[in-house]
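Breakdown of the fold
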Amino acid sequence: MPFDHNDHYHRWLLRTARRLSGPGPALDVGCGTGAFARKLAAAGYTVEGIDPSPEVIAAARAATAGPNPCFREEDITTAVLPRDHYAVITALASLHHVPFETVTKLRDALAPGGTLLILGCAPDRTALDHAYGLVSVPLNAAARLACWAHDRATGRRPPPKPPVMAPTVPLPVIRRRAADLLPGARVRRRLFWRHTLVYRRPSEPGPGSPA
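Residues numbered from 1 in each chain as written. Predicted model: local features only at pLDDT ≥ 70, side-chain atom pairs only at ≥ 80, totals over all residues. Heavy atoms only, no water.

Our focus in this paragraph is the overall build of the chain. Helices and strands together make up the secondary structure of the chain, namely six helices and seven strands. Along the chain direction, N to C, the helices and strands of the chain fall in the order α-β-α-β-α-β-β-α-β-α-α-β-β. Burial analysis of the chain (211 residues in total) assigns 45% to the buried set. Taking as baseline every contact in the chain between residues at least 6 positions apart, the subset at least 24 positions apart corresponds to 70%. Total accessible area computed for the chain in this model is approximately 10700 Å², and 58% of it derives from carbon and sulfur atoms. (Helix = DSSP H or I, 4+ residues; strand = E, 2+ residues; numbered from the N terminus. Buried < 20%, exposed > 50% of the residue type's maximum accessible area, 1.4 Å probe, protein only. Contact = heavy atoms within 4.5 Å. Areas by Shrake-Rupley, 256 points an atom, 1.4 Å probe, with all protein chains shown as cover.)

As structure tokens, this is what we get:
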């Protein structure tokens, strides 16, 4: 049943991007079939989407009309990114596939005042993690059933899914690493087994400020 936990947060991510950093160059890391990249483009950003999977990049290109967003097959750990360039960088359920320290590459690619938005995954380890998971279970079941009914009624076929990998780094560790590498970043636990990390690069040299 095609309820996508990442898609659920698209509106929030778009609102946050537009509130913190106006339209400009944007990078979507682990873009998959391009659903969020296309929403960024519709919001006025000039978007690059990168993903290491040739299958999902092919699907992203096939589903996109026009040159924005553009997509390329590339691994973020080896990609060469321009420094001080992007108004917004997003990563939706993709950074748990790579070392967390990859965020330093994304941080350095932000323009002054630019925003890094991460929708992340982490394993349930604490009592609070499990409590959020228990609340998410019935909501997830209801949303999946509603999406299934809608797709059946409209004949919509869900797009292919990118490769998945179970997360291994728990949220308390992510918070500590973010505090070291992204000073001022705000990390929040969310429903549907997700968390968000928002970091805004200072406009002037100095420590980061909370988003």
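A word on the sheet that holds strand β2 (residues 46-51). Within a sheet, each strand pairs with its neighbour through backbone hydrogen bonds, oriented either parallel or antiparallel. Read across the sheet, seven strands follow the order β3-β2-β1-β4-β5-β7-β6 without closing on themselves; strand pairing throughout is mixed. Pairing within the sheet leaves two strands with one partner each, and these edge strands are β3 (70-73) and β6 (186-190). Strand after strand, the sheet turns through a mean of 15 degrees between neighbouring axes, direction not considered. Across the sheet, helix α6 (residues 171-181) is in contact with β6 and β7 (194-200); its angle to β6 comes to roughly 165 degrees. (Pairing = 2+ DSSP bridges. Axes fitted to C-alpha atoms, helices over the stretch in contact; angles between N-to-C directions.)

It is worth spelling out the pattern of salt bridges at this point. Inspection of the entire model under this criterion finds five salt bridges. A salt bridge links D108 to R83; the nearest nitrogen and oxygen atoms lie 3.7 Å apart. Of this pair, D108 sits in helix α4 (residues 103-109) while R83 sits in the loop between β3 and β4 (86-92), and the two are 25 residues apart along the sequence. A relative accessible area of 59% places R83 in the exposed class. A network of salt bridges, in which partner residues are shared, links E48, R72 and E74. (Salt bridge = Lys/Arg side-chain N within 4 Å of Asp/Glu carboxyl O.)

What follows covers α6. Three or more residues of α6 are buried, namely L171, V173, I174 and A178. Looking straight down α6, one finds that the buried residues subtend no more than 150 degrees of arc, so they occupy a single side. When the buried face of α6 is taken as reference, the exposed residues oriented beyond 90 degrees from it are R176, A179 and D180. Looking at the buried side of α6, the elements it contacts are β6 and β7. (Arc of directions from axis to C-beta.)

On a regular strand, one side chain projects to one face of the sheet and the next to the other, so that they alternate. With 10 of its 11 residues buried, strand β5 (residues 110-120) lies for the most part within the structure. Where β4 and β5 come together, six bridges link them in parallel fashion. Residue pairing for β5: Y86 is matched across the bridge by L110. For the handedness criterion, the β-α-β arrangement of β4, α4 and β5 is classed as right-handed. By the bridge criterion, six bridges tie β5 to β7 in an arrangement that is antiparallel. Of the residues in β7, the one forming a bridge with I118 is L197. (Right-handed = clockwise from strand over helix to strand, strands pointing away.)

Going from N68 to P69, the amide bond is cis rather than trans, its omega being 5 degrees. Even without glycine at this site, D84 takes up a positive phi of about 55 degrees. Mapped onto the elements, D84 comes out in the loop between β3 and β4. Residue classification places D84 among the partly exposed residues on the basis of a relative accessible area of 38%. With a phi angle near 50 degrees, A93 is a residue other than glycine that sits in the positive phi range. On the secondary structure map, A93 appears in the loop between β4 and α4. For A93, a relative accessible area of 16% gives the class buried.

Here H195 lies in strand β7. Under the relative-accessibility criterion, H195 is labelled buried at 5%. Once residues within four sequence positions are removed from consideration, H195 is found in contact with I118, L119, G120, C121, A122, L171, I174, V187, R188, R189 and R190.

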